[in-house]
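Analysis of the macromolecular model
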Amino acid sequence: MWLFALRRTRSIQMTLTVTQGIPLTLRQPQFTAEYELRFQPLTQRGDHLCWAACVESVLWSMSATRTNQSLLARQFLPSCRVVLPVRDLQGSRCDEPLQATMMSTVWSQVGCEDPQKEMIGESLSARLVSELSNGSPVQAWVNNYHAVMLYGYRRKEYGTESVLVMDPQRGYGDYWRALDVSRHWSAIWTGLSLGAHSNA
C-alpha cells in the first residue's frame, strides 16, 4: 500500500513524499497579476436595493460623498415619495426594483463621467482588467435582475482568472471565476470614474 505525506516548504512549492519511492515536487500556480481597488463593500437595505448599495459603495469609496440608499431610492424610484429612515426601507414602497436600463442615467446623475453599458463578450476579461487597472470599479448585472460591483481581479498562471465581487446581499467581497461571469452576467457598466463633483 502506498502512503503519502504532504508538507509545505518555505517556498511556493509543496513537496510530496512517497514512502516507497523518491520525493516529488509539485509546483503551485502563481499569481501573475493581482489588483484591488480601495473599496467599501456595503449591504443592501431592502430586498430590491442592490443597485442603490452599489451606488452608495462607489460614492463612499471614491469621492467621500455621503449618501444613503433611502436618498437614492427617493431620487430614482417613482414609487418612493418620501425619504424614509434607512431602517424602514425593507418592504416599503422605496424598496422596489430598478430596471437595469436605468443605470446609465443613475451613474451619470451621481457624477460618473462616462458610464457605458457593455454586453458580456469574449473580451470581457481584458475589459475588466483595463477598467480596474485605471482605478474604475465596474458594475455588473446578474441575469438582468441583481446588481453587483467588481473592484479587483486576480490572474494565475495557465490563464485562470477571477474577479473580486461585492455582492450587496452579503456585504463583502469574494473572488468569482471569470468563467462564471460570462455564463451568468447579462451586462456590465464601465466608465464609472467620478468627476470633480457629485450631485447625489
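Residues numbered from 1 in each chain as written. Predicted model: local features only at pLDDT ≥ 70, side-chain atom pairs only at ≥ 80, totals over all residues. Heavy atoms only, no water.

Turning next to the state of the cysteines. Cysteine pairs can be covalently joined through their sulfur atoms, and such a bond is termed a disulfide. Going through the model one piece at a time under the given rule, you end up with one disulfide. At a sulfur-sulfur separation of 1.9 Å, the disulfide partner of Cys 80 is Cys 94. Between Cys 80 and Cys 94, the S-S dihedral sits near 80°, and the bridge is therefore right-handed. Pair noted here: Cys 80 is in the loop between helix H2 (69-76) and helix H3 (103-109) and Cys 94 is in the loop between H2 and H3, with a separation of 14 residues, a long-range link. Unpaired in terms of disulfides, Cys 50 finds its nearest cysteine sulfur in Cys 54, a separation of 6.3 Å. (Disulfide = S-S within 2.5 Å. Helix = DSSP H or I, 4+ residues; strand = E, 2+ residues; numbered from the N terminus.)

It is worth spelling out the confidence of the model for the chain at this point. Chain-level statistics for the chain give a pLDDT mean of 76 and a share of 71% at 70 or above. Looking over the chain, one finds the lowest element-wise mean pLDDT in strand E1 (residues 4-8), namely 35, and the highest in H2, namely 94. Under a pLDDT of 50 for its full length, residues 1-29 has, in the predicted model, 39 contacts with residues more than four places off or in other chains. Here residues 196-200 is modelled with pLDDT under 50, and outside its nearest four sequence neighbours on either side it reaches twelve contacts, counting other chains as well. (pLDDT = per-residue confidence, 0-100. Contact = heavy atoms within 4.5 Å.)

For the rest of this paragraph, the subject is helix H1 (residues 50-63). For H1, built from 14 residues, the straight-helix expectation of 20 Å at 1.5 Å per residue is met to within 8% by its first-to-last C-alpha distance of 20 Å. Summarising burial for H1: ten of the 14 residues are buried, a large majority. Within the span of H1, buried status applies to Cys 50, Trp 51, Ala 52, Ala 53, Cys 54, Val 55, Glu 56, Ser 57, Val 58 and Leu 59. (Expected span 1.5 Å × (residues − 1). Buried < 20%, exposed > 50% of the residue type's maximum accessible area, 1.4 Å probe, protein only.)

This paragraph deals with the environment of Glu 96. Structurally, the position occupied by Glu 96 is in the loop between H2 and H3. The spatial distance from the C-alpha of Glu 96 to the C-alpha of Pro 78 is 9.5 Å, given a sequence separation of 18 residues. For Glu 96, the residues in contact, after removing those within four places along its chain, are His 48, Leu 49, Trp 51, Leu 77 and Ser 79.

Packing of H1 against H2 brings their axes to within 9 Å, and their N-to-C directions diverge by 115°. Crossing angle aside, the handedness with which H1 passes H2 is right-handed. In this structure, H1 uses Trp 51, Ala 52, Ala 53, Val 55 and Glu 56 to contact H2, whose residues at the interface are Gln 69, Leu 72, Ala 73 and Phe 76. Per-class residue counts for the contact of H1 with H2 are seven nonpolar, one polar and one charged. (Axes fitted to C-alpha atoms, helices over the stretch in contact; angles between N-to-C directions. Left-handed = near helix turned anticlockwise from the far one by under 90°. Nonpolar A, V, L, I, M, F, W, Y, C, P; charged D, E, K, R; others polar.)

Turning next to the side chain of Thr 190. Counting through the fold element by element, Thr 190 comes out in strand E10 (residues 185-190). Classification of Thr 190 as buried rests on a relative accessible area of 1%. When near neighbours in sequence (up to four residues on either side) are disregarded, Thr 190 contacts Asp 114, Pro 115, Gln 116, Glu 118, Arg 127, Glu 131 and Val 138.

Per the counting criterion, the structure on display carries one salt bridge. With a shortest N-O distance of 2.8 Å, Asp 174 and Arg 170 are connected by a salt bridge. What makes Asp 174 partly exposed here is its relative accessible area of 25%. (Salt bridge = Lys/Arg side-chain N within 4 Å of Asp/Glu carboxyl O.)

On to the pairing of strand E9 (residues 172-177), then. Direction of pairing for strand E8 (residues 161-167) relative to E9: antiparallel, over a ladder of six bridges. Following the sheet pairing, Ser 162 is matched in E9 by Arg 177. Hairpin connection of E8 to E9: four residues between the antiparallel strands, including Gly 171 at a positive phi of 85°. (Pairing = 2+ DSSP bridges.)

Attention now goes to the nonpolar core. What tends to happen in soluble globular proteins is that the nonpolar side chains get buried as a cluster. Counting residues in hydrophobic clusters, the biggest one holds 46 residues, and the most contacted among them are Trp 51, Val 55, Met 103, Trp 107, Val 110, Met 149 and Trp 185. Elements that contribute at least two residues to this core include exactly H1, H2, H3, helix H4 (124-133), strand E6 (138-142), strand E7 (146-156), E8 and E10. Of the residues forming this core, the biggest block, seven residues, is contributed by H1. Setting aside anything within four residues of it in sequence, one finds Trp 107 in contact with Cys 54, Val 55, Val 58, Cys 112, Pro 115, Gln 139, Met 149, Trp 189 and Leu 192. (Core = buried A, V, L, I, M, F, W, Y, C linked by side-chain atoms within 4.5 Å.)

What follows is about the pairing of E10. For E10, the buried fraction is high: six of the six residues fall into the buried class. In the sheet, E6 pairs with E10 via four bridges, with the strands oriented antiparallel. Following the sheet pairing, Gln 139 is matched in E10 by Trp 189.

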